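For reference, the chains in residue letters:
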Amino acid sequence: MTDRPHLLYVAWGFPPCRGGGVYRALATANRFAALGWKVTVLTADRDTFFRFTGADLTLEERVDPSVEVVRVPFEWPILEADLRNWSKRRAQNPKVWAKWRTKQDQIPFPESGYGPWRSVIEKAAERIHQADKVDLTVATANPHVAFTAAYHLHKKFQVPYVMDYRDAWLLDVFTGDRLHEPNSRAARWEKKLVESAREVWFVNDPIKEWHEKLYPAQAGKMHTVSNGFDPDLVPDTHDRGPVAGRPLVFGYVGTVSPKVPLADFVEGWKLAKEQSEELAGAKAKIYGYLGYYAQPRADMLATINSAAEAGVSYEGPVGKAEIAKAYDEFDAQLLMLGKGRYVTSGKVFEYLATGLPVVSVHDPENAASDVLRGHPLWFPVADVTPEAIAAALIEAAHAARTADEGIRAKAREFGASYRRDLQLDPRITSLAASVTGVAA
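Given the structure is predicted, the values throughout are model-derived calculations rather than measurements.

**Digging into the overall build of the protein**
Counting its secondary structure elements, the protein contains 17 helices and 13 strands. Here the protein has a C-alpha radius of gyration of 23 Å; the compact-globule value for 440 residues is 22 Å, and the two agree. C-alpha extents for the protein along the principal axes are approximately 65 × 65 × 40 Å. In the protein, once contacts between residues fewer than 6 apart in sequence are set aside, the share between residues at least 24 apart is 75%. Charged side chains of the protein number 54 positive and 56 negative; the gap between the two group centres comes to 7 Å.

Rendered as structure tokens:
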């Protein structure tokens, strides 16, 4: 073993990818490097993100210079929009071709779109290991095919690995339903992966507890590694004081997924402005992506534009490194999430870092409520209806104008406990001891 243990970090989405999970991936790779590991990242080529997900070049600048990034090809035929690149068979019957393509994808691994990547990353992982012995692999999902590279090195070279889930594979975090039957290929794959893993990480306790019940014999290796905020990327956390003499600005930053109650929020916002003078002239600014792809979803954009006269506006995507400028405008923050007991969202931790009021526009049973409980400037909705949303907005507006320095200081202190390194360090320290045999 060299002086520094060698980590192979496998992540489909890594800078410049702009997907939600990329922040966890970036922070994890950087933190391992900061704590003395040699880090190699195995990810998709840059063109993948420019073509399909949208790219954030400011994130690429945040990768630790000591981290080696190995990029391998990724093909996503079903999303190919250029008709010149379509086969004759596809052009003649797109629906039949799509069904055939989906089945083909799942032959190597049971995951539509991503299955064929298995052979690519397994070969790449082996090349990396042969060039410089890997001491530990951490693979993050989704896509879950990323786990296969870790499993391959473990089976062939006995390299220990960690499975890092951002959500879940067999569990629908929004509905709580099971996504794959117990005897399905996906379930069989997950079972053997979990059984062979050194550790399995989840982002919140409810998801971890669900898996502990599913795999009781493996519960001891399961850990909650919460998301958190990155100190070098969060907005200014100084006390801005109560707002007086100008209209308030409420803000949302993040991807607006189809699960987000956007229409209910818009109606609730209109009601709140009608009912409270403290919201006179107030604005609600929405930054980020509307939907999962670079092009904004037309229905979401129409919903926002329908409330333009009430001060609701779509401001477009904002680079992570410039995000502080957006937050500097806000007097209160809008945490809009889809319903789900198992849903936390990485966004909540960034919101906490500011110390500003947080309006939770999501089901009270969301796991995000567990994180926010105890925050002195948290304003949750009683239920996801326009009336309840309006009530929470009005309370938050009042707090933005009246909360004293003491309350604001407590809000900042509450958020500080969710710094990203505080979530990652205990596990990295433990893994270093198990890999090197030397306690930190």
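This is not the end of the story, as more comes after the structure.
**A word on the pattern of salt bridges**
With the rule as written, the count across this model stands at 23 salt bridges. For Arg24, the salt bridge goes to Asp164, with nearest N and O atoms at 2.9 Å. Here Arg24, found in helix α1 (residues 22-34), pairs with Asp164, found in strand β5 (residues 161-165); they are 140 residues apart in sequence, far enough to count as distant. Accessibility assignment for this pair places Arg24 and Asp164 in one class, buried. In this structure, the salt-bridge partner of Arg101 is Asp105, at a minimum N-O distance of 2.9 Å.

**Considerations on the pairing of strand β6 (residues 199-202)**
Side chains Glu199 and Trp201 project from β6 onto one buried face, and the interleaved Val200 and Phe202 project onto a second face that is buried too. The pairing of β5 with β6 spans three bridges and is parallel. Bridging from a neighbouring strand, Val162 pairs with Glu199 of β6. Between the parallel pair β5 and β6, the chain is carried across by helix α8 (residues 185-196), and the sense of this crossover is right-handed. Pairing of β6 with strand β7 (residues 222-224), which is carried by three bridges, proceeds in the parallel orientation.

**Some points on helix α7 (residues 146-157)**
Owing to its 3.6 residues per turn, the α-helix brings residues three or four apart onto one side. Over its 12 residues, α7 runs 17 Å from end to end, which matches the ideal 16 Å to within 8%, given 1.5 Å per residue. Those residues of α7 not exposed but buried are Ala146, Phe147, Thr148, Ala149, Ala150, Tyr151, His152 and Leu153. Along its buried surface, α7 packs onto β1 (6-11), α6 (117-131), β4 (136-141), β5 and α8. Directly beyond the C-terminal end of α7, a positive phi value near 60° is found at Gln158.

What counts, and at which threshold
Chains are numbered independently. Their residues run from 1 in the order of the written sequence. Local features are withheld for residues below a pLDDT of 70 in this predicted model, meaning they are given only at 70 or higher, and side-chain atom pairs are given and counted only at 80 or more; totals for whole chains, interfaces and linings count all residues. Heavy atoms from the whole structure form the basis of all side-chain values; hydrogens and water molecules are not counted. Put simply, DSSP marks the helices as runs of H or I at least four residues long and the strands as runs of E at least two long, and each gets a number from the N terminus on. We take the radius of gyration over the C-alpha atoms and set the globule estimate at 2.2 Å times the residue count to the 0.38 power. Whether two residues are in contact is decided by their heavy atoms, any of which lying within 4.5 Å being enough. The sign given to each residue is positive for Lys and Arg and negative for Asp and Glu; His and the chain ends receive no count. For the purpose of locating charges, the reference atoms are NZ of Lys, CZ of Arg, CG of Asp and CD of Glu. Note on definitions: salt bridges are taken to be side-chain nitrogens of Lys or Arg within 4 Å of carboxyl oxygens of Asp or Glu. Throughout this description, buried means an accessible area under 20% of the type-specific maximum (1.4 Å probe, protein chains only), exposed means over 50%, and partly exposed covers the range between. By the convention used here, strands pair only if DSSP detects at least 2 bridges between them. Seen with its strands pointing away from the viewer, a crossover is right-handed when the path leading from the first strand over the helix to the second is clockwise. By this rule, a helix spans an expected 1.5 Å times one less than how many residues it contains.

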